[in-house]
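Coordinate analysis (summary)
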Amino acid sequence: MKNTFLFPAKWKKFGYLLFLSGLALGIHYLIFNFSPDLLNFSIPLWNDIEKILEFQPNNLYDELLSLLIISGGLITGFSKEKIEDEMIQRIRLNSLVWAVLVNYLILIALIVLLYDFLFFDVMTIHLFSLLILFVIKYKWEISKMSKTPTDEE
Amino acid sequence: MKNNVKIQRTILGISQKELSEKMGVSRQTIHAIETGKYVPSTILCLKLGELLRIKIEELFELEDLDWK
């Protein structure tokens, strides 16, 4: 059954580069709230129902980091493996199911425990948590699988 | 589900690597099938039967747990 869309295997390294750099810079951004001035632009924004696409100043650093994490995570998690067989597809599917369940368990806990602006702050991290959980779980399972002994051992 | 993949493979003198290359799967998949950690699809079962020159019913055996 070969009807699943996946990125080519050679894209995986590029995906790792985007994902890990996005994550590292994202953590740095969260801790230090650093935004480089060269990314200050006046762009058409839609943040008010009465002012559609009005030009306003905005720093695009956080948007750039979000795109890095999302695009990198998607490419890393959904690229073909060197040998793409049905067992790999099963591992990928199981990892995705696990990530969805864990992600929403975390969300349930956050909804119950956090309120007001702290909740919204944490929700920005939750935008990426599903993808992050999936990539970690998937790569962990692949790593475990690759350590199986040969028939001579 | 039990299987005799490793036994048949050994009788024919085929390594896991050789079998995996002929079947178009990873060596780890062959290992997982032999150790019962992975149940292959119908297509893989048929390929195994053909490559190991044995009927599928003699290669794989249902256990009581499979009926639950």
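These remarks concern the structure in this document. Bear in mind that the values here come from a model prediction, so they are computed numbers and not experimental data.

Here is what the cut-offs are and how they apply
Residues numbered from 1 in each chain as written. Chains lettered and ligands numbered in written order. Predicted model: local features only at pLDDT ≥ 70, side-chain atom pairs only at ≥ 80, totals over all residues. Heavy atoms only, no water. Contact = heavy atoms within 4.5 Å. Buried area = accessible area lost by both parts, 1.4 Å probe. Salt bridge = Lys/Arg side-chain N within 4 Å of Asp/Glu carboxyl O. Polar contact = N/O pair within 3.5 Å; in protein donor to acceptor, adjacent residues only side chain to side chain. Helix = DSSP H or I, 4+ residues; strand = E, 2+ residues; numbered from the N terminus. Buried < 20%, exposed > 50% of the residue type's maximum accessible area, 1.4 Å probe, protein only.

1. Remarks on the interface of chain A and chain B
Taken together, the contact pairs 12 residues of chain A with 16 residues of chain B. Carbon and sulfur atoms supply 52% of the area that chain A and chain B bury against each other, a total of about 1200 Å² over both sides. Counting every contact that joins chain A to chain B gives 0 salt bridges. Here chain A is connected to chain B by 4 residue pairs in polar contact (both at pLDDT 80 or more).

2. Some thoughts on the environment of Lys55 of chain B
All names here are of chain B. Inspection of the secondary structure assignment puts Lys55 in the loop between helix H4 (42-51) and helix H5 (56-59). Judged by relative accessible area, which is 55%, Lys55 ranks as exposed. Linking Lys55 and Gly24, residues 31 residues apart in sequence, is a C-alpha distance of 20 Å.

3. What about the environment of Asp116 of chain A?
Relative to the elements of secondary structure, Asp116 of chain A occurs in helix H4 (residues 116-146). Linking Asp116 of chain A and Glu63 of chain A, residues 53 residues apart in sequence, is a C-alpha distance of 23 Å.

4. What about the environment of Leu130 of chain A?
Residues and elements named next belong to chain A. Residue placement: Leu130 occurs in helix H4. For Leu130, a relative accessible area of 30% translates into the label partly exposed. For the pair Leu130 and Ile91, spaced 39 residues apart in sequence, the C-alpha to C-alpha distance is 16 Å. Once you skip the residues sitting within four places of it in the chain, Leu130 turns out to touch Ala99, Val100 and Asn103.

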